[in-house]
Amino acid sequence: MTAIRVLLVDDQPMIRTGFRLILEAEPDIAVVGEAGDGENGVESTRTLQPDVVLMDIRMPHMDGVEATRRIVESGMPSRVIILTTFDLDQHVHDALRAGASGFLVKDGPADSLVGAIRTVAEGDAVISPSVTRRLLDRFARLATTESDPVPRSLDALTARELDVLRTLTRGLSNAEIAAELQVSEATVKTHVAHILDKYQLRDRVQAVILAYDTGLVQPATGT
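Owing to the predicted nature of the structure, the values given are computational and were not obtained by experimental measurement. (Residues numbered from 1 in each chain as written. Predicted model: local features only at pLDDT ≥ 70, side-chain atom pairs only at ≥ 80, totals over all residues. Heavy atoms only, no water.)

## Regarding the overall build of the chain
Within the chain, the regular secondary structure consists of 10 helices and five strands. Among the 223 residues that make up the chain, the fraction classed as buried is 47%. Pairs at least 24 apart in sequence give 69% of the contacts found in the chain among residues at least 6 apart. Split by element, the accessible area of the chain, about 10,700 Å² in all, is 51% carbon and sulfur. (Helix = DSSP H or I, 4+ residues; strand = E, 2+ residues; numbered from the N terminus. Buried < 20%, exposed > 50% of the residue type's maximum accessible area, 1.4 Å probe, protein only. Contact = heavy atoms within 4.5 Å. Areas by Shrake-Rupley, 256 points an atom, 1.4 Å probe, with all protein chains shown as cover.)

## Points about helix α1 (residues 13-23)
Of all the residues in α1, the buried ones are R16, F19 and L23. With its buried residues spanning 65° around the axis, α1 presents them on a single face. α1 presents P13, M14 and L21 as exposed residues on the side facing more than 90 degrees away from its buried surface. (Arc of directions from axis to C-beta.)

## Things to note about unusual backbone geometry
Phi at H61 is positive, roughly 70°, even though this residue is not glycine. Within the secondary structure, H61 sits in the loop between β3 (52-56) and α3 (64-73). In this structure, Q182 takes a positive phi of about 60° despite not being glycine. Counting through the fold element by element, Q182 comes out in the loop between α8 (174-181) and α9 (185-198).

## Overview of the packing of α1 against helix α5 (residues 110-121)
Closest axis-to-axis distance for the α1/α5 pair is 10 Å, and the angle between their directions is 75°. Judged on the interaxial angle alone, α5 and α1 are roughly perpendicular. Residues F19, I22 and L23 of α1 lie in contact with α5, whose contacting residues are A110, L113, V114 and I117. A breakdown of the residues in the contact of α1 with α5 according to their chemical character gives seven nonpolar, no polar and no charged. (Axes fitted to C-alpha atoms, helices over the stretch in contact; angles between N-to-C directions. Parallel < 35°, antiparallel > 145°, perpendicular 65-115°, else oblique. Nonpolar A, V, L, I, M, F, W, Y, C, P; charged D, E, K, R; others polar.)

## Notes on the sheet that holds strand β2 (residues 29-35)
Through backbone hydrogen bonds, the strands of a sheet pair up, either in parallel or in antiparallel fashion. The parallel open sheet is built from five strands, whose spatial order is β2-β1-β3-β4-β5. Here the strands that pair on one side only, and so sit at the sheet edges, are β2 and β5 (103-105). Taking each pair of neighbouring strands and ignoring which way they run, the sheet shows an average axis angle of 25°. Relative to the sheet, α3 contacts β3 and β4 (79-84), its axis offset from that of β3 by approximately 155°. (Pairing = 2+ DSSP bridges.)

See the structure below:
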């Protein structure tokens, strides 16, 4: 079995040590390097080619948002999970826009960290039905205050693919989507793959952002 290669990028050595201890206890995960800021994180990603980068969002010299953007725009295959102290950090929506495959709260349980790494390494994204959905709703509200992007049409999607895309914005898993739409989980996976392929999206997070940008779904109201 080939281990999932992980790079740790955080300006706090104790945080990196804690993550390393958690991850090195897993037989299918290998920590291949560490970096103390975003600039070194980008360079280490280029050199080490990890499967997953755990990226702190607030760092000196270059923050996690810019580092994520550079990794994604460079075409490197490594996927980025953003680490934040607060579950609604004001910069996380920028990181998702930049191409991050999800985010984790630093004080979350160890099994969530391990599970997220495995999920992202398989090409999926970390979308929880609670915290991440609230974050994406906040992302959408903030996006409306910026210059309006030219919306992309969803004409390329079938009616069933649109249904699947709507459920993705609610943070549902493939199994939950299958139950709601009364189709098989394999069918859901196929529809998700088609959505990503048609719009050249990296993962489910980017699909959710597409749904908001095109107006397919609207941000939640309230505080």
